[in-house]
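Here's the letter readout for the chains.
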Amino acid sequence: MRKTFLLLAVLSGVFISKVQAIVIIKNKVAVSGIVIAKDASAQVQAAVKTLQLYLQKSTGVTVPVSNQKQGTSNLYVGKGAYSGIGNVSLDEDGFLLQTIDANNFVILGGSDWGTEFGVYDFLERFVGVRWLLPTDLGTVIPKLSTLEIPSVKIVENPVFLSRTLSPIVIEKNTTPLNQWGRVNRLRGRVEVSHNLKNLFPPAKYTRSNPEFYPMVKGKKLLPKDNNDQAWQPDFGAAGIADAASKEIVNWFDRNKSVTNFSLGINDSGNFNEPAANTTNARSMAQKNVMGFANASDQYYSWANNVISKVRKVYPGKKYTVLAYTSVAEPPSDKKVDKDIIPFIAFERMRWGNDGLKKTDQGLTQRWEQAAQTLGWYDYVYGNTYLVPRVWFHSMKEYLSWGNDHKVKYYYGELYPNWGEGPKAWVLAKLLWNPNQDVDALLNDWYTNAAGKQGGAKLKAFYAIWEKFWSQDIFANNGNSDTRSRVTFFNPSYLASVPDDYLTQSDKLIGDAYKLAETEQQKALVSKLTQMWTVYKTSVVSYKKYQKGGRNSPEGRERLKLLQSLKTDLIYSLPANAILSRATVAGKDW
């Protein structure tokens with residue numbers, strides 16, 4: 001346990017003193033109590049129950065919880081539990097872990113969320129708990145008989161204030177995936193969505209204000225119903241900013257505690273075609289950096305106007321926008337409202353191509369001049385990809401760079417395939433602090449997943465696939481089109497997978513299983529091997545299919561395995577996604 005704690009301490013830059021170690025449990029006897037305030041919130045009470053539960057699972061001892069100090073030493077959790085803490089600068093998700101003296105230790109958050117995250121950090125840092133994958137299979141709880149906490153003062157604040165990996169919603173703490181996201185602190189603090197179809201619901205406005213809808217190819221485009229988002233508003237229509245501001249004020253009237261609102265464009269093209277020989281027409285005639293007609297001037301002018309109107313009623317609210325397709329660039333005057341958070345959409349795995357890396361960096365730097373703070377929207381899918389899609393070191397590179405350039409909010413479309421091993425866990429850690437040593441994080445995951453020797457084999461296994469997605473996929477200037485992504489429904493990349501990657505990977509994951517030290521580790525590696533079998537047979541059967549083969553033995557094996565995983569707690573999401581899309585289902589491979 002001491003080694004685990006030292007690793008986390010180095011990652012956090014924590015000074016450790018060996019004096020005044022606090023004993024919580026000694027030889028399977030509780031010598032400490034947990035103290036919470038009498039008026040502790042339900043969230044803090046639940047966090048304390050989690051703390052108590054994991055201590056019990058680790059040591060077999062139930063540490064008592066009370067509203068007053070008890071035992072030889074005490075662990076104070078949450079606001080009001082201990083009154084002697086001075087001023088500490090904490091973000092609402094941040095927390096303090098501090099030894100007060102030889103008998104008292106405090107876990108205190110900047111809010112109840114911070115306190116809850118502090119509890120999870122305490123369990124990772126001092127008990128050695130790890131939440132590697134969803135479910136008990138991926139939850140590592142070391143067996144301890146004694147728990148001592150060294151003298152420390154640890155102040156942790158997240159680098160990225162909002163850390164969303166869809167489809168995880170930690171407030172809905174009822175599924176293994178959401179539970180995993182919660183203990184790994186993946187809290188989204190702003191809404192980022194395609195919201196203009198909701199702001200101008202067609203059922204209301206197509207009759208009263210048809211002028212709000214766009215002219216496309218010389219005709220007025222009126223949406224069919226409220227679910228139709230194949231349109232963008234005419235941002236220059238008379239009265240459209242007033243109508244939008246009234247809708248938003250009404251929304252905040254109903255949701256007063258919410259701090260933000262999304263002005264994200266609909267997920268489509270069909271921007272209004274402005275009258276000829278106007279400023280907007282000349283702007284739209286120009287292609288932006290992503291290769292789309294440039295609608296930034298009209299859109300951001302409208303957004304600025306709307307926000308200024310809403311601010312008169314609700315000051316201090318924030319507004320997210322999706323900076324992609326035709327509104328990817330800042331407006332030509334390089335100014336957006338101070339409360340706008342632009343989420344710049346780009347598949348940053350593609351920083352492996354120098355040209356695309358420079359494109360994203362340049363776009364971010366232009367936005368850096370236009371907005372007070374930035375968000376990044378990323379595409380980090382596992383889901384329907386048919387070999388492990390990982391790029392750990394590039395993740396650290398671009399998240400560290402983004403932090404240096406005003407990026408404080410992050411949204412990633414993850415839709416995980418846990419056959420990618422440490423990918424989501426490492427990303428969660430880097431979103432909290434991208435300046436951590438990514439190799440130390442990876443070694444932590446591998447060792448906890450498969451033991452020291454087995455973990456070394458897993459490390460070599462995933463290094464093969466990191467090379468594929470960080471280097472091989474970009475060979476000969478491949479995947480360099482700014483407008484495209486390495487599409488998740490196009491399996492053509494399978495043809496470029498070297499056969500020896502399959503041979504090496506097969507042996508490495510087999511060796512990892514043999515060398516795993518515990519039954520839980522063997523079970524976890526066995527679960528990874530299930531998806532590896534899908535990956536391997538996908539490559540083999542696709543290559544045969546490309547040569548004219550149909551319904552190969554490997555193809556039949558993969559389909560049978562995918563069908564068996566449709567209700568699996570770990571793999572149901574990717575299995576169903578793969579089978580639902582003909583191009584990757586490969587039903588005749």
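Before reading further, recall that the structure is shown in the block above.
Note that the coordinates shown come from a computational prediction; the quantities given were computed from them, not determined experimentally.

A.B. asks: So what's going on with the environment of V336? Residues and values would help.
C.D. replies: If you trace the backbone, V336 turns up in the loop between β15 (318-323) and β16 (340-345). Along the chain, V336 and W367 lie 31 residues apart, while their C-alpha atoms are 9.3 Å from each other. For V336, the residues in contact, after removing those within four places along its chain, are Y300, N304, P331, W367, A370 and A371.

A.B. asks: Explain the side chain of N195 to me, using residue names and the numbers behind them.
C.D. replies: Mapped onto the fold, N195 is located in the loop between α4 (176-183) and α5 (196-199). Here N195 falls in the buried class, since its relative accessible area comes to 13%. A polar contact of 2.9 Å, which involves the side chain of N195, links it to the backbone oxygen of S262. Setting aside anything within four residues of it in sequence, one finds N195 in contact with F261, S262, G264, I265 and N266.

A.B. asks: Which residues make up the packing of aromatic side chains, and what values go with them?
C.D. replies: Evaluation of the coordinates by the stated rule reveals 50 aromatic pairs. With 6.0 Å between their ring centres and 90 degrees between their planes, F105 and F126 make a pair best called edge-to-face. Linking F105 in strand β7 (residues 104-109) with F126 in helix α3 (residues 112-127), this pair joins segments that are 21 residues apart in sequence. Its relative accessible area of 0% is what places F105 among the buried residues. Ring centres of W251 and F252 lie 5.3 Å apart, and the angle between their planes is 75 degrees; this geometry places the pair in the edge-to-face category. Across the ring face of Y54, the terminal group of K57 is positioned such that the distance to the ring centre comes to 5.5 Å. One Lys or Arg, R581, reaches over the ring of F489 and ends 3.6 Å from the middle of that ring.

A.B. asks: Quick rundown of the side chain of K429? Include the residues and the values.
C.D. replies: If you trace the backbone, K429 turns up in helix α12 (residues 423-432). If near-sequence neighbours (up to four positions away) are discounted, K429 is found in contact with E124, N184, R185, Q436 and L441.

A.B. asks: Hey, could you go over the nonpolar core for me, with residue numbers and the actual values?
C.D. replies: In terms of nonpolar packing, the biggest core is built from 172 residues, with F200, L263, W302, L458 and W465 touching the most fellow members. It is helix α13 (residues 438-470) that provides the largest number of residues to this core, a total of 14 residues. Look past the residues within four positions of F200 in its chain and what remains in contact with it is Y205, F212, Y213, W231, P233, I240, A243, A244 and W302. V35, Y76, A81 and V106 belong to the second-largest nonpolar core, a separate cluster that totals five residues.

A.B. asks: With reference to specific residues and values, describe the pairing of strand β6 (residues 95-101).
C.D. replies: Two faces make up the sheet, and in a regular strand the side chains alternate between them. Within β6, five of the seven residues are buried, which leaves the element mostly enclosed by the surrounding structure. Relative to β7, β6 is paired through six bridges, and the arrangement is antiparallel. Bridge pairing in β7 links L97 to I107. Counting the residues that bridge the hairpin from β6 to β7 gives two residues.

A.B. asks: Explain the sheet that holds strand β14 (residues 260-262) to me, using residue names and the numbers behind them.
C.D. replies: Strand order in the open sheet formed by six strands is β11-β18-β17-β16-β15-β14, with parallel pairing between adjacent strands. In this open sheet, the two strands that pair with only one neighbour each are β11 (162-166) and β14. Here the strands of the sheet are splayed against their neighbours by 20 degrees on average, with no regard to which way each runs. Pairing geometry for β11 and strand β18 (residues 407-413), over five bridges, is parallel. In the sheet register, T164 faces β18, and the bridge partner there is Y411. On top of the sheet, helix α9 (residues 296-311) reaches β15 and β16; it is set at about 170 degrees to β15, its chief contact.

Conventions used here
- Residues numbered from 1 in each chain as written.
- Predicted model: local features only at pLDDT ≥ 70, side-chain atom pairs only at ≥ 80, totals over all residues.
- Heavy atoms only, no water.
- Helix = DSSP H or I, 4+ residues; strand = E, 2+ residues; numbered from the N terminus.
- Contact = heavy atoms within 4.5 Å.
- Buried < 20%, exposed > 50% of the residue type's maximum accessible area, 1.4 Å probe, protein only.
- Polar contact = N/O pair within 3.5 Å; in protein donor to acceptor, adjacent residues only side chain to side chain.
- Phe/Tyr/Trp six-rings, centres within 6.5 Å; stacked < 30°, edge-to-face > 60°.
- Lys NZ or Arg CZ within 6 Å of the ring centre and 35° of its normal.
- Core = buried A, V, L, I, M, F, W, Y, C linked by side-chain atoms within 4.5 Å.
- Pairing = 2+ DSSP bridges.
- Axes fitted to C-alpha atoms, helices over the stretch in contact; angles between N-to-C directions.

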